Amino acid sequence: MIPQNVHKTKLQRLRVAIRGAVQGVGFRPFVFHLADEMHLAGWVNNSPQGVNIEAEGQPEELQAFLLRLEKEKPAHSFIQSLEPSWLDPVGYKNFEIRQSELSGKKAALVLPDIATCGECVRELFDAGNRRYRYPFINCTHCGPRFSIILNLPYDRTNTTMGRFRMCARCLQEYGDPSDRRFHAQPNACPNCGPQIYLWDDKGRMLADKEEALNQAVASIRSGKIVALKGIGGFQLLTDARNAEAVRRLRQRKHREGKPFALMYPNLDEARRDCAVSPLEERLLVSSEAPIVLLERLGTAAADDAIAPRNPYLGVMLPYSPLHHLIMADLQAPVVATSGNLSDEPICIDEQEALERLRGIADVWLVHDRPIARHVDDSVGRVLMDRELVIRRARGYAPLPVTLQEETPPLLSVGAHLKNSIAMATGKEVFISQHIGDLETAAALDAFQRVISDFETLYQAVPETVACDMHPQYLSSQFARRLGQPVVEVQHHYAHALSCMTENELTAPVLAVSWDGTGYGLDGTIWGGEFLRIDENGFERFSHLRAFALPGGEKAVKEPRRTAMGLLYEIFGEKMFAMDLAPLKGLDQEKRSILNTMLRNGVNSPRTSSAGRLFDAIASLAGLRQEVSFEGQAAMELEFAAAKIHTGESYPVRKSEDGIDWEPMVRAILEELALEATVNEIAAKFHNTLVEAIVQVAHDCGLEKVILSGGCFQNRRLSERAVLRLRREGFHPYWHQRIPPNDGGIALGQVMAVVRSKMGVAAQCV
Ligand code: ZN
Ligand code: ZN
Ligand code: FE
């Protein structure tokens, strides 16, 4: 039924959008010769913001091309941002330099913050340079942007550097077209620019300048916790090799099990603890400089308290001069986690940081350059030889996604967890930095600030506002209060549209939209959805069989409740007599409460959530009964499967209630009785879900299958689904630049409105 065409799946198109000093330096001829030498077809052109490249070839060749682009670029060029996307081939015959794009309406572009360039790092450590060891060195190629801009146009007076008057020497560089600092808005030197200070917990100055740095480094060495005012907000730093210090940080920050990110002094040090592939190396040293999830080596010296039970470490390299100075002095990795309490937005102001981080940090390393807005560290990983941005913030925000069509000004407010918002104007959709979970007053405040911020920056008055269908999401309630026309977009449809957009797909497609929670069209909680998307909207083609979540939100924190909900569907109250991991240690009173809840359906919402199914199986297998952060049980189930290479799976059944997990659960119970290992069960569970996807794909009969939603952050699930779908003749797509989790919802909401303006119902058919 589905044509098998090996060539079609092998040949790929790589698009690279490069921003920076890439015009008038021979960049296009360089790209042309490189592509020609490598026998790639496609084109290169100048755009208002930089250079765009499309190249077609075999994936391995394109990967080599991508790496060589940066390594061999012309001497006077500089890359401030590089975003690769992998798309379907269109059949280019040769390589050409195309006419420059003369885009009609040019939206003012705000650049993200750019990691310190090699030239500035060299000067930073050159004893003869006038900026030797100056923590705010930067140039036109690097330094803060988004985190210092107050208003457009991007002039010094419109940034938080406006308060610093350049000295004669800085002013001369700034005005000299031949200088690397010509019109570098944050240009500064030790004589005229910002300075650092070390404070105690009362805000009393302990030291300044070099002495502040020395004492901060000494504090880290002695196991203290340093609150560092960085680029987009405060970070908490402590010695990663000091298990006691790491545990203290966990305790004080109320962060039990969630992994901490690490900053290594350099790539070589990172390699001692982690495996780093060429593509991962590219990402680590890129101008975006995100946290990259790397597989840790068995010999990793990092303490287990950093990322408990986790085979990956989140690693970044120094990206600001201040980080370079600290890490060069320390020569050892530090935990570098966001300066906040649990999941609140990070602090950006030193007085605020003093209040909110009191009791967590021991000393505060601050400076007098204000931060205009919070921008967290971004998180990415390499999945199936492609980059996957999991958290879009520093280095990426607020770069736009470009659409095929113009849209009227439009605001979308995202979902509830991992919130980000988007503003569409013209052909561009500007996606905000990661805001976080809208659970606290502080987060909601940040959310509203980002929206008014975007309205100011892009001078857009939205005509329509898009939000999630969930009646209780604070973001949706906010949208309705604005008094503009509101379009409510179903959560999993938004996930699917974001994935379709970045892969430039047209309907029809089958979307596998799997996550923890989303409000469904029927008022129940969805999360294991198969949506058939066509020109007319979408249809819920299939879904996982629903089950009850006794306690609702409480079940998210306690996977054992989810497991009981699942078992109750099969066995009813007989379940309570079974000798199973979720029931262990549960007293009679709790059993009877849960029984009543399940029997009467009280406070037990029904869900088809794939994320919750992961939780339930993790609980059944005895892996984890309670979690300290969302997704913890599912992650551990993924990691448990990693060691097992099997193609075996459990049976699934199609029923009126959807894809039925009952035969699988029964098989798992039998295997548990035979003392199968958690690892085997975890591996077969992943395989089973993949086989369910393949089965539905066959039923649906569409060639294009997209994988979206938080569940597809799971490497095992994603890789196997792609492999199996390809083998069965389907064409799978997944996320690259836009997070598969709820961080991508805002873009999907925009697309739902764009589609509805084109005559497609925004919600359903
Ligand atoms: Zn520089
Ligand atoms: Zn100066
Ligand atoms: Fe979601």
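Residues numbered from 1 in each chain as written. Chains lettered and ligands numbered in written order. Predicted model: local features only at pLDDT ≥ 70, side-chain atom pairs only at ≥ 80, totals over all residues. Heavy atoms only, no water.

Caption draft 1: Looking closely at the domain arrangement of the protein chain. Domain annotation for the protein chain reports domain 1 (12-104), domain 2 (107-193), domain 3 (196-367), domain 4 (402-503 + 740-757) and domain 5 (547-733). Placing a centre on the C-alpha atoms of domain 2 and another on those of domain 3 gives a separation of 24 Å. Each partner contributes to the interface: domain 2 provides 13 residues, whereas domain 3 provides 17 residues. The interface formed by domain 2 and domain 3 holds 2 salt bridges in total. The partner of D329 in a salt bridge is R133, and the shortest N-O contact between them spans 3.1 Å. Seen at the junction of domain 2 and domain 3, the total is 5 residue pairs in polar contact (both at pLDDT 80 or more). Looking at the side of domain 2 that touches domain 3 residue by residue, the class counts come to 9 nonpolar, 2 polar and 2 charged. (Domains from an automatic or database assignment. Contact = heavy atoms within 4.5 Å. Salt bridge = Lys/Arg side-chain N within 4 Å of Asp/Glu carboxyl O. Polar contact = N/O pair within 3.5 Å; in protein donor to acceptor, adjacent residues only side chain to side chain. Nonpolar A, V, L, I, M, F, W, Y, C, P; charged D, E, K, R; others polar.)

Caption draft 2: Main features of the sheet that holds strand β13 (residues 334-338). With mixed pairing, the 11 strands of this open sheet are ordered in space as β7-β6-β14-β8-β9-β13-β10-β12-β11-β15-β16. The open sheet has two edge strands, β7 (205-208) and β16 (386-391), and neither has a second partner. Taken pair by pair, the neighbouring strands of this sheet meet at an average axis angle of 35 degrees, ignoring direction. Where strand β10 (residues 261-263) and strand β12 (residues 312-316) come together, 3 bridges link them in parallel fashion. Among the inter-strand pairings, L262 is bridged to a residue of β12, identified as V315. Packing against the sheet, helix α6 (residues 209-221) makes contact with β6 (196-199), β7, β8 (226-229), β9 (234-239), β13 and β14 (363-367), and its axis sits at approximately 115 degrees to β7. (Pairing = 2+ DSSP bridges. Helix = DSSP H or I, 4+ residues; strand = E, 2+ residues; numbered from the N terminus. Axes fitted to C-alpha atoms, helices over the stretch in contact; angles between N-to-C directions.)

Caption draft 3: Just the coordination of the zinc ion (ligand 1), in detail. Here the zinc ion (ligand 1) is held by the protein donor atoms C117 (SG), C120 (SG), C139 (SG) and C142 (SG), which lie 2.3 Å from it. Geometry at the zinc ion (ligand 1) is tetrahedral, judged from its 4 donor atoms and the angles of 105 to 118 degrees they form at the metal. (Donors = N, O, S within 2.8 Å, 3.2 Å for Na, K, Ca; no water. Tetrahedral: all angles 85-135°; square planar, octahedral: opposite > 155°, others 65-115°.)

Caption draft 4: Main features of helix α21 (residues 678-700). Relative to the 33 Å expected for 23 residues at 1.5 Å per residue, α21 spans 33 Å between its end C-alpha atoms, a close match to the ideal helical length. Looking one or two residues past α21, G701 carries a phi angle of roughly 80 degrees, positive in sign. (Expected span 1.5 Å × (residues − 1).)

Caption draft 5: How the structure looks around unusual backbone geometry. Cis geometry marks the peptide bond from L152 to P153; its omega dihedral reads 0 degrees. As for its position among the elements, P153 is in the loop between α4 (118-124) and α5 (168-175). For the bond from A397 to P398, the omega torsion is 5 degrees, close enough to zero to count as cis. Topologically, P398 is positioned in the loop between β16 and β17 (400-412). Positive phi, close to 55 degrees, is recorded for R309, a residue that is not glycine. Within the element layout of this structure, R309 appears in the loop between β11 (291-295) and β12.

Caption draft 6: A look at empty space enclosed by the protein. Scanning the model with the defined rule gives 6 cavities of 30 Å³ or more in all. A volume near 180 Å³ is recorded for the largest cavity. Around the largest cavity, the lining is made up of 21 residues, and of these P144, I231, S320, P321 and R369 lie nearest the centre. Considered class by class, the residues forming the lining of the largest cavity number 11 nonpolar, 6 polar and 4 charged. The residue makeup of the lining of the largest cavity includes at least three contributed by each of domain 2 (107-193) and domain 3 (196-367). (1 Å grid on protein atoms, 1.4 Å probe; cavity = no way out; pocket = protein on both sides within 12 Å on 5 of 7 lines; lining within 4 Å. Points joined across faces, edges and corners; volume = space filled by probe spheres on them.)

Caption draft 7: Structural context of the coordination of the iron ion (ligand 3). Summarising the metal site, the iron ion (ligand 3) is bound by the protein donors H491 (NE2), H495 (NE2), D515 (OD) and D742 (OD), whose distances to it range over 2.1 to 2.2 Å. One can describe the site at the iron ion (ligand 3) as irregular: its 4 donor atoms subtend angles covering 86 to 172 degrees at the metal.

Caption draft 8: Structural view of the packing of aromatic side chains. This structure, assessed with the given rule, holds 12 aromatic pairs. Residues Y312 and F639 carry aromatic rings whose centres are separated by 5.9 Å and whose planes lie at 55 degrees to one another, so their mutual orientation is tilted. Here the residue Y312 occupies a position in strand β12, and F639 occupies one in helix α19 (residues 632-641), the gap between them amounting to 327 residues. Accessibility expressed as a relative area gives 10% for F639, which makes it buried. Counting every residue linked through ring pairs, the aromatic cluster contains F430, F454 and Y458. (Phe/Tyr/Trp six-rings, centres within 6.5 Å; stacked < 30°, edge-to-face > 60°. Buried < 20%, exposed > 50% of the residue type's maximum accessible area, 1.4 Å probe, protein only.)

Caption draft 9: Representation of the pairing of strand β19 (residues 464-468) within the structure. Burial analysis of β19 places 5 of its 5 residues in the buried class, which makes it a mostly covered element. Pairing between β19 and strand β20 (residues 486-489): 4 bridges, direction parallel. For V465, the partnering residue across the bridge sits in β20 and is V486. Where the polypeptide runs from β19 across helix α13 (residues 474-481) and back to β20, its parallel neighbour, the crossover connection is right-handed. (Right-handed = clockwise from strand over helix to strand, strands pointing away.)

Caption draft 10: View of the confidence of the model for the protein chain. Averaged over all residues, the pLDDT of the protein chain is 93; the fraction at 70 or higher stands at 96%. Note that pLDDT drops below 50 for residues 1-8; the model gives that stretch 13 contacts with residues more than four away or on any other chain. (pLDDT = per-residue confidence, 0-100.)

Caption draft 11: Summary view of the pattern of salt bridges. Using the criterion set out here, one finds 57 salt bridges in the structure. In this structure, E210 and R133 form a salt bridge, with 2.7 Å as the shortest nitrogen-oxygen distance. Note that E210 is positioned in helix α6 and R133 in the loop between α4 and α5, a separation of 77 residues in sequence. Judged by its relative accessible area of 33%, E210 falls in the partly exposed class.

Caption draft 12: A look at the side chain of R716. Looking at where R716 falls in the secondary structure, it is placed in helix α22 (residues 715-727). We note that R716 is buried and unpaired, the nearest opposite charge coming from E719 at a distance of 7.7 Å. A distance of 2.9 Å separates a polar side-chain atom of R716 from the backbone oxygen of I644. Not counting the four nearest positions on each side in its chain, R716 is found in contact with E638, A641, A642, I644, T646, A683, H686 and N687. (Lys, Arg positive; Asp, Glu negative; His and termini not counted.)

Caption draft 13: Region of the structure containing the packing of helix α2 (residues 27-37) against helix α3 (residues 59-71). Where α2 contacts α3, the axes come no closer than 11 Å and their chain directions differ by 145 degrees. The crossing of α2 and α3 is right-handed. Residues F30, V31, L34, A35 and E37 of α2 touch α3, and the partners they reach there are F65, R68 and L69. In the contact of α2 with α3, the residues fall into 6 nonpolar, no polar and 2 charged. (Left-handed = near helix turned anticlockwise from the far one by under 90°.)

Caption draft 14: Here's a closer look at the nonpolar core. Of all hydrophobic cores here, the largest spans 117 residues; its most connected members are I326, L365, W514, I617 and V665. Of all the elements, α21 adds the most residues to this core, at 12 residues. Those residues in contact with L365, other than ones at most four positions away along the chain, are I196, Y197, L198, A212, A216, V226, A227, L228, K229, L322 and I326. Counting residues in hydrophobic clusters, the runner-up holds 62 residues, among them F234, V276, C347 and Y396. (Core = buried A, V, L, I, M, F, W, Y, C linked by side-chain atoms within 4.5 Å.)

Caption draft 15: Fine view of α5. Of the residues making up α5, those classed as buried are C170, E173 and Y174. The buried residues of α5 occupy one face: seen down the axis, they fall within an arc of 100 degrees. Along α5, exposed side chains directed more than 90 degrees from the buried face belong to A168, R169 and Q172. (Arc of directions from axis to C-beta.)

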